[in-house]
Amino acid sequence: MLVENLKSADISQGVNVIGPVLVLSVYGLLGFNCYMYFCCYLPILYVSKVPYFPLSSPDSHIFGVSQSMILTIIFFILLFNIVFNYTMTWLISPGKLQEFYDARDKEHHENPNYELKKNRPTNAIVNKDLKACMRHTKKTIDYIDDDWIIRCHKCKFLDNHDEETGINKVPAKPLRFHHCSVCRNCVVNMDHHCPWVNNCLGLKNLRYFLLFIFYLPVSNIFIGMIMWHVRSHPYYKNFPMCSQVMIGVHVGIFIAMSFFNCWQWYLCLKGIPQIEYLQSMEGEVNEGKTYGFPSICDNIYVTFGTKNIFKVFLPSLRSQPLEGLEWTMEEVINKKKIMETHERVMRIIEETNEAQDVEINWL
Ligand SMILES: [Zn+2]
Ligand SMILES: [Zn+2]
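The structure contained in this document is the topic of the report that follows. All values reported here derive from a predicted model rather than from experimental measurement.

Calculation rules
Residues numbered from 1 in each chain as written. Chains lettered and ligands numbered in written order. Predicted model: local features only at pLDDT ≥ 70, side-chain atom pairs only at ≥ 80, totals over all residues. Heavy atoms only, no water. Salt bridge = Lys/Arg side-chain N within 4 Å of Asp/Glu carboxyl O. Buried < 20%, exposed > 50% of the residue type's maximum accessible area, 1.4 Å probe, protein only. Helix = DSSP H or I, 4+ residues; strand = E, 2+ residues; numbered from the N terminus. Pairing = 2+ DSSP bridges. Core = buried A, V, L, I, M, F, W, Y, C linked by side-chain atoms within 4.5 Å. Patch = residues over 30% accessible without salt bridge, like charges linked within 9 Å, V, L, I, M, F, W, Y side chains within 5 Å. Areas by Shrake-Rupley, 256 points an atom, 1.4 Å probe, with all protein chains shown as cover.

Taken as a whole and assessed by the stated rule, the structure comprises 1 salt bridge. Across the pair Lys-307 and Asp-298 runs a salt bridge whose closest N-O atoms are separated by 3.2 Å. The buried category is assigned to Asp-298, whose relative accessible area is 1%.

See below:
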């Protein structure tokens, strides 16, 4: 057990160290692609023959100024979307439990349901899209008291030491917060911790990540097509291996990212973070049920803050309508099952507390 804990601590520390290096390397690769486009491809595109390319004139098969400009504008649009979404993914907090408590009166953290219900928007002041989402919450709102039973023993951000009893209280958390051992915090709707962005992916930053992984393969195929058409130029004929390897790298990334996109966007449309999907597959959470909204439109709205499919793909700083406390179930939960879960979790908490007491006494 101790060896396992040490190993997971080592892995978390390793991911923490390697994260900034990977982030810098992504910016380095983007810079390298800019250099290649402006110094190696664009001059050749402008003057050389490039047959069969859709944008080239069928008469001359030579790129003119206008076609080169169109390609350069497309390049800039793709580059901006990649850099913007990538930067926002690592810059924006995914939605940590600590911030969740900070946003509320800390004195009430012992009774979070009070604050939760008091702060819940009423139908009179919310827009119609949010109203549409809220209709799903009605069937689970009565059970929210029970869903705050989960407490995280690993989060250390609250000063919860009770002077009178000498007991360290453990912060309660909503059902859809999951603990990340790298960030050492619970994250709302946590998908996974991505070392490539050195951040967790949660409710607040998942949309930027989804757009980053969407625009990445699009730009790979764009650059790959350009390279395919400039490879016959005398300059590249001197380095046949080099251009072939570069095309291979772009095609490889395109294929890998396409599969990854399908998986991530499928989960987004279903409204299920990766962790909850895995838990539901293992039957750990509510006997295989998940918490996504039944409508794809509602799930898009929760993640992107809009239902307009064109606005989804545009760079934006709009905020999300929900906090991650709202969910639905595939069927109405029956109270008996909730109580059984409650008793099971309380038993686990008691056992953990006893184990911790023994550990502390021993030390
Ligand atoms: Zn935690
Ligand atoms: Zn994390």
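Let us keep going from here.
Side chains of strand β2 (residues 185-188) alternate between two faces, with Asn-185 and Val-187 and Cys-186 and Val-188 buried alike. Pairing of strand β1 (residues 177-180) with β2, which is carried by 4 bridges, proceeds in the antiparallel orientation. Paired with His-179 across the strands is Cys-186, a residue of β2. Hairpin geometry of β1 and β2 is characterised by an intervening segment of 4 residues between the two adjacent antiparallel strands and by a positive phi of about 55 degrees at Arg-184.

Ranked by size, the top nonpolar core spans 41 residues in total, and within it Tyr-37, Tyr-41, Phe-222 and Phe-304 carry the most contacts. Looking at this core, the elements with two or more residues in it are α1 (2-47), α2 (65-91), α7 (206-230), α9 (240-270) and α11 (296-304). For this core, the leading source of residues is α7, giving 13 residues. In this structure, Cys-152, Val-188, Phe-293 and Val-302 belong to the second largest nonpolar core, which totals 10 residues.

A surface patch of nonpolar side chains, amounting to about 350 Å² of accessible area, comprises Met-241, Val-245, Val-249 and Ile-253. By the secondary structure assignment, Val-249 is in helix α9. Judged by its relative accessible area of 43%, Val-249 is partly exposed.

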